[in-house]
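An overview of the molecular structure
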Amino acid sequence: MKILKRLLKIVSALIGVLVLTGIITLWLDSLGTRYLRINKNDLTSLNSYIITNVNIVPMNQDTVLVDKMVHIKEGVIEKIADSIEVDGIEIIDAKNKYLTPGLIDMHVHVWDRYELGLYLSNGVTAVRNLWGIPMHLRIKEDVIEDKIFSPMFFTTGPKLTGREFIGDDNLNLAYPSEAKEKVISYKDRGYDLIKTYYGLDKEIFDAVIKQAKISDMDIVAHPSQKVPFSYHLNPQIKSIEHAEEIVQQALQYDLDSTKLKPIIESISQSKHTNYCPTITGFNNIYQMMIDDSILSSASINYMNPLIKKVDSENQFERWSNAKQNDRSEVSRIKNQHDFHIMIVQKLHAAGVNIICGTDAGIGITLPGFSIHQEMAFYEEAGFSNYEVLKTATVNASRTHSIMNQLGTIQEGKIANLLLVDENPLFELSSLENPSYVFVKGRKLDRETLDSYNEKAKNRKNLIASALRYLEYLIIE
Ligand SMILES: [Zn+2]
């Protein structure tokens, strides 16, 4: 008995030490992103300005409002006019530069707060995070309470799948009653949206949809192979993810444009369905296949260290092995990518609302930077610059009612804005380096934005990231 007691003591002491070490690790890690904190006593917390001499690209119509003034009052666009006078307010002379709405990336995976700085430096002032775990609720709370500089943060709950185990990153639902419970609890905990995933069977999917409707939560669907593709056109599902799922599920890998036609038609007839193609995420498979040294390129230093270890390296190995076994795999992937571009073109021509999403944060798809790549793919698919910019602004904000205050420059909208040198309706690349990014009316200059990039490089916090993931596995 004595030995058993002693053993118990040792075990509980060990657990205590482990928990304490975990807490200290997470605390030390949080110090590493202190630079994003908004200091309420300093100039960075100002959110009222007048911007003068500015050309506005409002994005509610295809036009430029020349030489205007904009009054931002406590983070909201109060007034747009030829001339505005307000006493005691800071004036920013825009020197005839262009003001556009901040960009919205509708498909990201955030693992760490430093990534929030990367989004901002690339002009992304709102993100939709599609693989929610408890850490995202804390980010969301800090954003709402104006504690940190961050894109506005919308997140789904954990990815919901069916009985079949397809990895511990998904929440397996065994019964319709469990589906109902989870949707209710995600709403309670503060998740904004429901994410359904691969492998969700009809009985449980029906239960998720039913409760999501009652709980007033929009669903974002990574198509499930257990139901027909058309099942995802349900009104509660506001967006369908990934162009490749049309190929891989609806077309069973058959790159046949005749078979594609009725699928495009059905999506276009479903007026509530928005499509988020994530061309960049898939294209990066091709990039891995044609560049053997891609993992040592400088840009990979922006990826989260845990993701680099468990995802980027595994993906690279998988695809380079596939290439070694069969050289034709490279052209197969390239052909599929080209087919995705055509899918986007056809969806767009059929009037489907395309929303810009990258799948940043997994594989080798970079947070922030990749939105410009994604937009370039839409340009390649034949969109005008105005139409491209719509996908990352007004189209995105129309997708969910919780995002309606974003996406255009109009009185009453949230002041998420970019000030850029050239008119993006002529030159999209001008969006890559905004001189100022306003997020909820707070101004970040280029120097600050560049410092966010610098600080995000070569993060070493693999253990902290793993602990946050462990927290999810415990709480779900
Ligand atoms: Zn994703």
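Here the structure is a predicted model, which is why all the values come from computation and not from measurement.

1. So, the overall build of the protein
- Looking only at helices and strands, the protein features 15 helices and 17 strands.
- Its C-alpha atoms give the protein a radius of gyration of 23 Å, within 12% of the compact-globule value 23 Å for 476 residues.
- Taken across its 476 residues, the protein has 57% of its residues classed as buried.
- In the structure as shown, the protein presents an accessible area of about 20,700 Å², 53% of it carried by carbon and sulfur atoms.
- Positive and negative side-chain charges in the protein, numbering 52 and 60 respectively, have mean positions lying 7 Å apart.

2. Structural notes on helix α10 (residues 328-349)
- Look at α10: 32 Å from first C-alpha to last across 22 residues, which is about the 32 Å you get at 1.5 Å a residue.
- Buried within α10 we find Glu329, Val330, Ile333, Gln336, His337, Phe339, His340, Ile341, Ile343, Val344 and Leu347.
- Glycine 351 lies just past α10 and shows a positive phi near 90°.

3. Focus on the pairing of strand β7 (residues 124-129)
- Judged by how many residues are buried, β7 sits mostly within the fold: 6 of 6 residues are covered.
- Judged from the 4 bridges that link them, strand β6 (residues 103-108) and β7 form a sheet pairing that is parallel. Following the sheet pairing, valine 108 is matched in β7 by asparagine 129.
- Handedness of the β-α-β unit built from β6, helix α2 (residues 114-121) and β7 comes out right-handed.
- Relative to strand β8 (residues 152-161), β7 runs parallel, the two being bridged by 4 bridges.

4. With respect to the coordination of the zinc ion
- The protein atoms that coordinate the zinc ion are His107 (NE2), His109 (NE2) and Asp359 (OD), at distances spanning 2.1 to 2.2 Å.
- As a motif over one chain, the donors of the zinc ion read H-x1-H-x249-D.
- Judged by its relative accessible area of 4%, histidine 109 falls in the buried class.

5. Digging into the environment of leucine 366
- Tracing the sequence through the fold places leucine 366 in the loop between β14 (353-354) and α11 (370-380).
- Sequence-wise, leucine 366 and leucine 160 are 206 residues apart; in three dimensions their C-alpha atoms are separated by 25 Å.
- Aside from chain neighbours lying at most four places away, what touches leucine 366 is Ser299, Tyr302, Met303 and Ala360.

6. Some thoughts on a positive patch on the surface
- On the surface, a cluster of positive charge is contributed by Lys2, Lys5, Arg6 and Lys9.
- In this structure, lysine 2 sits in helix α1 (residues 2-31).
- Overall, lysine 2 belongs to the exposed group, its relative accessible area being 75%.

7. As for unusual backbone geometry
- Look at aspartate 216: it is not a glycine, yet its phi comes out positive at around 55°.
- Along the polypeptide, aspartate 216 turns up in the loop between α5 (202-214) and β11 (219-221).
- You can call aspartate 216 exposed: its relative accessible area is 60%.
- At glutamine 252, a residue that is not glycine, the phi angle is positive and equals roughly 50°.
- The class for glutamine 252 is exposed, based on a relative accessible area of 61%.

8. A few points about the packing of aromatic side chains
- All chains considered together, the criterion is met by 9 aromatic pairs.
- Here phenylalanine 205 and tyrosine 231 contribute two aromatic rings whose centre-to-centre distance is 4.8 Å and whose plane-to-plane angle is 55°, an arrangement assigned as tilted. In this pair, phenylalanine 205 sits in helix α5 while tyrosine 231 sits in the loop between β11 and β12 (237-241), placing the two residues 26 residues apart along the sequence. When sorted by exposure, phenylalanine 205 lands in the same class as tyrosine 231, which is buried.
- Both rings, one in tyrosine 302 and one in phenylalanine 369, keep their centres 4.9 Å apart while their planes meet at 35°; by these two values the pair is tilted. Here the residue tyrosine 302 occupies a position in the loop between α8 (279-290) and α9 (305-325), and phenylalanine 369 occupies one in the loop between β14 and α11, the gap between them amounting to 67 residues.
- Residue class for tyrosine 302 comes out buried when judged on its relative accessible area of 10%.
- Overall, phenylalanine 369 belongs to the partly exposed group, its relative accessible area being 26%.
- Taken together, Tyr49, Tyr436 and Phe438 form an aromatic cluster joined through their ring pairs.
- Here the basic side chain of lysine 159 rests over the ring of tryptophan 131, its NZ or CZ set 3.9 Å away from the ring centre.
- For lysine 159, the ring lying beneath its charged end belongs to tyrosine 197, and the centroid distance is 4.2 Å.

Scoring rules and cut-offs
- The residue count restarts for each chain, going from 1 along the sequence in the order it is written.
- Thresholds applied to this predicted model are a pLDDT of at least 70 for local features of residues and 80 or more for the giving and counting of side-chain atom pairs; totals over whole chains, interfaces and linings are not thresholded and use all residues.
- Excluding hydrogens and water, the side-chain values take into account all heavy atoms of the structure.
- Starting at the N terminus, helices and strands are each numbered in turn, a helix being any DSSP run of H or I of at least four residues and a strand any DSSP run of E of at least two.
- C-alpha atoms define the radius of gyration in this analysis, and the globule rule sets the expected value at 2.2 Å times the number of residues to the power 0.38.
- A simple rule labels every residue: compare its accessible area, found with a 1.4 Å probe on the protein chains alone, to the largest value its type can have, and call it buried under 20%, exposed over 50%, or partly exposed in between.
- Under the convention used here, a 1.4 Å probe and the Shrake-Rupley method define accessible areas, while residue burial counts only the protein chains that appear.
- Neither His nor the chain termini are counted; the positive set is Lys and Arg, and the negative set is Asp and Glu.
- A charged residue contributes its charge at one atom only: NZ of Lys, CZ of Arg, CG of Asp or CD of Glu.
- Multiplying one less than the number of residues by 1.5 Å gives the expected span of a helix.
- At least two DSSP bridges between two strands are required for those strands to pair.
- Look down the strands so they point away from you; if the path from the first strand over the helix to the second goes clockwise, the crossover is right-handed.
- Sites may look incomplete, because water is not among the atoms used; the donor set itself consists of N, O and S atoms within 2.8 Å of the metal (3.2 Å for Na, K and Ca).
- In what follows, a contact means two residues having at least one pair of non-hydrogen atoms within 4.5 Å.
- Each patch is built from residues that are more than 30% exposed by relative accessible area and take part in no salt bridge. Like charges join if they lie within 9 Å; nonpolar side chains (Val, Leu, Ile, Met, Phe, Trp, Tyr) join within 5 Å.
- Salt bridge criterion: a side-chain nitrogen from Lys or Arg within 4 Å of a carboxyl oxygen from Asp or Glu.
- Geometry of aromatic contacts follows a simple scheme: Phe, Tyr and Trp rings, the Trp one being its six-membered ring, pair when their centres are within 6.5 Å, and the pair is stacked under 30 degrees between planes, edge-to-face over 60, tilted otherwise.
- A ring is considered to have a charge above it if a Lys NZ or an Arg CZ atom is located within 6 Å of its centre and within 35 degrees of its normal.

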